[in-house]
Amino acid sequence: MRYIVLGSSAAGINGVRTLRKYDKNAEIKLISKDSDIYSRCILHHYLSGHRTKERLNFVEPDFERLYRVDWIKGKECTGVDVEKKCVLLEDGSSHSYDKLLIATGAHTFIPPVPHLKEAKNLVGFRNIDDIEILKEETKNCENIVVMGAGLVGMDCISGLLERGKKPVVVEMAGWALPKQLDEKAALRYQKKMEEKGVGQYYGMGIKEAVLNEEGKITELILSDESRIPCDFLVVTAGVRPNVEFLKDSGIEVGRWGLVYDETGRTNVPDVYGAGDVSGLSPIWPVAVKEGIVAASNMTGRPAKMVDFFASKSTMNFFGIPAMSLGRNQPEEGECVEISETEHTYKKIIHHDGKIEGAVLVGDLNYGGILQQLIARRIDISKVKKPVFEIDYSDFFHTRENFEYYYEGE
């Protein structure tokens, strides 16, 4: 059996590991645009200087030998011929497969703001090259602007602060981390950033970039017509999946990215997908799980993405841990319960006895119980306790043979 894996990040690497685990004698070929393996989740530690490039690596030192994988580095895939079952690379070479895993990830999205795409002092925050540019080009910059206050934007801000910089952040939503936290929870991070000298603009976007004769941004015009100086801009306002090479291949690409089911299968036989290339759940744990699931099915071992949180996020900025599960805002008719102290904030959204979402800040000890309650769709209305006092004994029980079961079975 000949397997090809496109992409050397979380989904692709865990795909390789799983393929070798279940198919000891297969030919496995890994093809990637990157020449190094590194975790994008901790790029801010490379920016801050807390980690070297080597310490971003999340695989074994002898990865290629250990998994007997032929890794073609620094080569971009330019097309897939599903009839001939081969992939085409930028150097003109062709590589045949029996089964293919597409885990090509995503790239920084540059919004259609006037003069932004042609600006010379702008970079994303997606790969090692971005960080190298950012470290070098901002050495003497005083006015660094971060576009977007999501998880990646917050990572970037943290890294810049560690380098002694005091950036400014511009976010379209009304508060930081809008996909993960509600306004009250985000306020705790915003206060910390204010204390550290970070300028913050929420509820507005960048309307236009003002360039000088050298093509560099000198000023940004915001949506309220105010102007802020800018020596360098970091774009963290979103990503787009790397699917351009699939054009005319017959492999289905939808509105968000590559389309595949809960087993990793695409619309084309023997072609699978995993990770950020779907454009749906751009977080590390999901990519890892999808890579494992897809590779398992490629080797004939049935697996599905079940009992897993695509909408789970954990974070720790400025010494404040936080977790988000499901939705952070209630829909009509849903109940909201909040428990708050000086250092903690807990919010649970539920409806008809089922928890639909939760936010924890400062203390994550209740996170494990919440994950079980949500994943197993346990009816908390049957538990005669306040929602924040429920523990495992309220829904896990033991049969006579000492097997565990939970209410709702």
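Here the structure is a predicted model, which means the values were calculated and not measured. (Residues numbered from 1 in each chain as written. Predicted model: local features only at pLDDT ≥ 70, side-chain atom pairs only at ≥ 80, totals over all residues. Heavy atoms only, no water.)

Quick look at the overall build of the protein chain
1) Next: For the protein chain, the helix and strand inventory stands at eight helices and 25 strands.
2) Next: Taken over the C-alpha trace, the protein chain has a radius of gyration of 23 Å; the compact-globule value for 409 residues is 22 Å, and the two agree within 12%.
3) Next: When the backbone C-alpha atoms are referred to their principal axes, the protein chain occupies close to 75 × 60 × 40 Å.
4) Next: Buried positions account for 49% of the 409 residues belonging to the protein chain. (Helix = DSSP H or I, 4+ residues; strand = E, 2+ residues; numbered from the N terminus. Rg over C-alpha atoms; globule rule 2.2 N^0.38 Å. Buried < 20%, exposed > 50% of the residue type's maximum accessible area, 1.4 Å probe, protein only.)

So, the packing of helix α1 (residues 10–22) against helix α7 (residues 284–298)
1) Next: Closest axis-to-axis distance for the α1/α7 pair is 7 Å, and the angle between their directions is 35°. The hand of the α1/α7 crossing is right-handed. Across from A10, A11, N14, G15, T18, L19 and Y22 in α1, the residues of α7 making contact are W284, A287, V288, G291, I292, A295, S296 and M298.
2) Next: Looking at the contact of α1 with α7, its residues break down into 10 nonpolar, five polar and no charged. (Axes fitted to C-alpha atoms, helices over the stretch in contact; angles between N-to-C directions. Left-handed = near helix turned anticlockwise from the far one by under 90°. Contact = heavy atoms within 4.5 Å. Nonpolar A, V, L, I, M, F, W, Y, C, P; charged D, E, K, R; others polar.)

Remarks on the pairing of strand β23 (residues 354–361)
1) Next: Buried residues dominate β23, accounting for six of its eight residues.
2) Next: Of the pairings in the sheet, the one linking strand β20 (residues 320–326) to β23 comprises five bridges and is antiparallel in character. Its bridge partner lying in β23, G326 is registered against G357.
3) Next: Two strands pair when backbone bridges link them, and strand β22 (residues 345–351) and β23 are joined in this way by seven bridges, in the antiparallel orientation. Pairing of K347 across the sheet is with V359, part of β23. (Pairing = 2+ DSSP bridges.)

Some words on the pairing of strand β4 (residues 77–81)
1) Next: Across four bridges, β4 lies against strand β5 (residues 86–89) in antiparallel orientation. Note on β5: the bridge partner recorded for G79 is L88.
2) Next: In this antiparallel pair of consecutive strands, β4 and β5, the connection spans four residues, and K85 shows a positive phi of 55°.

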